[in-house]
Amino acid sequence: MLVLAHISDLHLDGSPRATERAERVHDRLWGLPGHVDALLVTGDIADHGTEAEYEEAARILGLDTGDAPFPVLTCPGNHDRREPFRKALLGRPAAQGPVNGVHVFDDAAVLMCDSSIPGSDEGALDDETYDWIEATLDELDGTVPVLLAFHHPPVALHHPLPDSYQLREPHRLAALMERRPEIAGLVTGHAHTPAATAFAGRPLVVGPGVTWTLRLPWEGEQVADRDAPVGLAFHVLDDSGRLTSHFRVVT
């Protein structure tokens, strides 16, 4: 059984408010009395994509010292910029290509995929990323269930803001999933609202935002609820490959 903590959309911008909210969720996760196998951070880690913002993120997420109590797995969102993301957050040489990564556990794997399009708020998994997913799944040889994690949901969530910037060409992702039964589900961010639905017959879970929570159309005209508590999720991938998700707030 795999237990994954999940946060998204920190939008660190150097402000005390953004820092305090990110540190609040850090304190909750780092203080858990039980075991978590990894922390997924699904994009929009920085608000402007500056090195200073990623240096702060690296400090809060324990990536600068490597002393986090679990692996911290990240992928970019539309506010992130690939070169400083690699350099200041991951400690790797700056490069412009998609930031993709895989973490293999004893009985499962998580593919962190880059759905960002440089210079755009829209999302897409490009040819290089699809080729990488296929090659990685080939190497895993269908022997373990796999979660795909990226920023942009591939479905409408019934709010005009996130629905304006969905993942492009969702049919291409659906076709991949039809060929690959080992994909147990999808985990995304971007919408700033916890949500659960299905895509291509598999679970799709959208993580809540750390920085603010989206108000849905029937909750009022103001889009961003900046007073809502910080949100996080816990995903359990059990031995049968079934994904179960729990949502929490951090006050």
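Cut-off values and rules
- By convention here, each chain's residues receive numbers from 1 onward along its written sequence.
- Thresholds applied to this predicted model are a pLDDT of at least 70 for local features of residues and 80 or more for the giving and counting of side-chain atom pairs; totals over whole chains, interfaces and linings are not thresholded and use all residues.
- Calculation of side-chain values draws on the structure's entire complement of heavy atoms; hydrogens and water are dropped beforehand.
- Two rings belonging to Phe, Tyr or Trp (six-membered ring only in the last case) form a pair when the distance between their centres is within 6.5 Å. Interplanar angles under 30 degrees mark stacking, angles over 60 mark edge-to-face geometry, and anything in between is tilted.
- In DSSP terms, a helix is any run of H or I states spanning at least four residues, a strand is any run of E spanning at least two, and both are numbered starting from the N terminus.
- When a residue's accessible area, from a 1.4 Å probe over protein chains only, is under 20% of the maximum for its type it is buried; when over 50% it is exposed; and in between it is partly exposed.
- Every residue pair with non-hydrogen atoms within 4.5 Å of one another is taken to be in contact.

Before going further, it helps to spend a moment on the packing of aromatic side chains. Taken as a whole and assessed by the stated rule, the structure comprises two aromatic pairs. An angle of 70° between the planes, with centres 5.0 Å apart, marks the rings of W30 and F70 as edge-to-face. Residue W30 is found in helix 1 (residues 16-30), and its partner F70 is found in the loop between helix 2 (51-60) and strand 3 (72-75); the two are separated by 40 residues along the sequence. On the basis of relative accessible area, F70 is assigned to the buried category, the value being 8%. Taken together, a centroid distance of 5.6 Å and an interplanar angle of 70° make the contact between Y54 and F85 edge-to-face. Of this pair, Y54 sits in helix 2 while F85 sits in helix 3 (residues 82-89), and the two are 31 residues apart along the sequence. Pair check on accessibility: Y54 and F85 agree, each one buried.

What follows covers unusual backbone geometry. The residue D9 is not glycine, and still its phi comes out positive at about 55°. Residue position: D9 is located in the loop between strand 1 (2-7) and helix 1. By relative accessible area, which is 0% here, D9 ends up buried. One non-glycine residue, H190, lies in positive phi territory at about 80°. Residue placement: H190 occurs in the loop between strand 9 (183-188) and strand 10 (195-199). For H190, a relative accessible area of 11% gives the class buried.

Residues of helix 2 that are buried include every one of E53, Y54, E56, A57, A58 and I60, and no others. Buried residues along helix 2 sit in contact with helix 1 and helix 3. Within two residues after helix 2, G62 carries a phi angle of roughly 70°, on the positive side.

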